[in-house]
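Secondary and tertiary structure notes
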Amino acid sequence: MDTLQSILFDINQIVPIVNHWLHLVSAVIWIGGLAFLVLSLTPVLQAVVPRELLKPVAEGLHRRYNKIVGLILVVILFTGGINLHYVNQLVLSQTGEGVAHHVKYLTIFFIKLFLVLSILTLYLYNIIFKEDPHAELSDEEKAEQYREPIPFQRAALVIGLLIILCAAALKHLHQ
C-alpha cells in the first residue's frame with residue numbers, strides 16, 4: 001500500500017504515467033477505429049449497401065471519424081513530445097547522456113516521426129481534397145471508389161501499425 005501511495009502522490013511519477021496513458025489511449029482509439037473501418041465496416045458496407053450509396057455513407061462515417069482523429073492527433077503529438085522529455089530524463093539518469101547520444105533510439109524515433117508525418121499527410125489529404133459528389137466519374141474511377149471509398153485508408157492502417165512497431169522498439173531501447 002505504501003508503494004501505491006508513493007506513486008499516486010509523487011507528481012514526478014504521476015505526470016509521466018498519465019501522459020503516457022493518454023498517448024496510448026489516443027493511439028488505440030485512432031488505430032483501432034481505422035482497423036475497424038478497413039477490416040470490418042468497409043467490407044460490410046460493400047456487401048450490403050447499394051453501389052451508388054456506398055460513397056456517401058462511407059464519407060458520412062469518415063467525416064465523424066475525422067473529427068475524432070483530428071483531436072486525437074493533436075493529443076498524440078503533444079503527449080509524444082512530453083514522453084520524449086521523460087524518456088530523455090530517464091536515459092540521462094541511467095547513462096549520463098540523453099537520447100541525443102543514442103543512435104539506435106534516434107534512428108527508430110525519426111522513422112516513427114516520419115511515419116506519423118506520413119499518416120498526418122494522408123489525414124490532411126482526405127480533408128482538403130474532397131471529391132465533388134456531382135462530378136462525372138469514369139467506370140474505372142467508380143470501381144476504385146467502390147473498392148476503397150475513403151482514399152488511402154488501407155495505407156493509413158499499415159502506417160499506423162508500423163508506428164506501433166516503432167513505439168514498441170523504442171520502449172525496449174530505453175529500459
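Residues numbered from 1 in each chain as written. Predicted model: local features only at pLDDT ≥ 70, side-chain atom pairs only at ≥ 80, totals over all residues. Heavy atoms only, no water.

A closer look at the packing of aromatic side chains
For the structure shown, the criterion picks out 2 aromatic pairs. Taking 5.3 Å as the distance between ring centres and 75° as the angle between the ring planes, the aromatic pair formed by tyrosine 125 and phenylalanine 152 counts as edge-to-face. Within this pair, whereas tyrosine 125 is found in helix 4 (residues 103–128), its partner phenylalanine 152 is found in the loop between helix 5 (139–147) and helix 6 (153–173), the two being separated by 27 residues in sequence. Under the relative-accessibility criterion, phenylalanine 152 is labelled partly exposed at 36%. (Phe/Tyr/Trp six-rings, centres within 6.5 Å; stacked < 30°, edge-to-face > 60°. Helix = DSSP H or I, 4+ residues; strand = E, 2+ residues; numbered from the N terminus. Buried < 20%, exposed > 50% of the residue type's maximum accessible area, 1.4 Å probe, protein only.)

Comments concerning empty space enclosed by the protein
Considering all chains together, one arrives at 2 cavities of 30 Å³ or more under this definition. Taken as a whole, the largest cavity spans an internal volume of roughly 140 Å³. Lining the largest cavity are 15 residues; nearest its centre among them are Leu34, His62, Tyr123, Asn126 and Ala156. The set of elements that each furnish at least two residues to the lining of the largest cavity consists of helix 2 (11–48), helix 3 (51–95), helix 4 and helix 6. Counting residues per element, the lining of the largest cavity draws most heavily on helix 3, at 5 residues. Considering only residue class, the lining of the largest cavity consists of 11 nonpolar, 4 polar and no charged. What the second largest cavity holds in volume is close to 40 Å³. Lining the second largest cavity, in full, are Leu37, Leu41, Thr42, Leu45, Ala58, Leu61, His62, Ile150 and Gln153. The set of elements that each furnish at least two residues to the lining of the second largest cavity consists of helix 2 and helix 3. (1 Å grid on protein atoms, 1.4 Å probe; cavity = no way out; pocket = protein on both sides within 12 Å on 5 of 7 lines; lining within 4 Å. Points joined across faces, edges and corners; volume = space filled by probe spheres on them. Nonpolar A, V, L, I, M, F, W, Y, C, P; charged D, E, K, R; others polar.)

Side note on the nonpolar core
Judged by nonpolar contacts, the single largest core of 24 residues is most densely connected at Trp30, Leu34, Tyr65, Val69, Ile119, Ile159 and Ile163. Broken down by element, this core gets its largest block of residues, 7 residues, from helix 2. Once you skip the residues sitting within four places of it in the chain, isoleucine 159 turns out to touch Leu115, Ser118, Ile119 and Leu122. Val91, Val99, Tyr105 and Phe109 belong to the second-largest nonpolar core, a separate cluster that totals 6 residues. (Core = buried A, V, L, I, M, F, W, Y, C linked by side-chain atoms within 4.5 Å. Contact = heavy atoms within 4.5 Å.)

Brief notes about helix 6
Compared with the 30 Å implied by 1.5 Å per residue over 21 residues, the 30 Å span of helix 6 between its first and last C-alpha is a close match. All of the buried residues along helix 6 are Gln153, Ala156, Leu157, Ile159, Gly160, Ile163, Cys166 and Leu170. Where helix 6 is buried, its residues touch helix 2 and helix 4. (Expected span 1.5 Å × (residues − 1).)

Some details on the layout of surface pockets
Counted as a void, the largest pocket has a volume near 1,000 Å³. Taken together, 37 residues make up the lining of the largest pocket; nearest its centre are His20, His23, Asn83, Val87 and Lys112. Elements supplying a minimum of two residues to the lining of the largest pocket: helix 2, helix 3, helix 4 and helix 6. With 12 residues, helix 3 is the single largest residue contributor to the lining of the largest pocket. Taken together, the residues of the lining of the largest pocket break down into 24 nonpolar, 11 polar and 2 charged.

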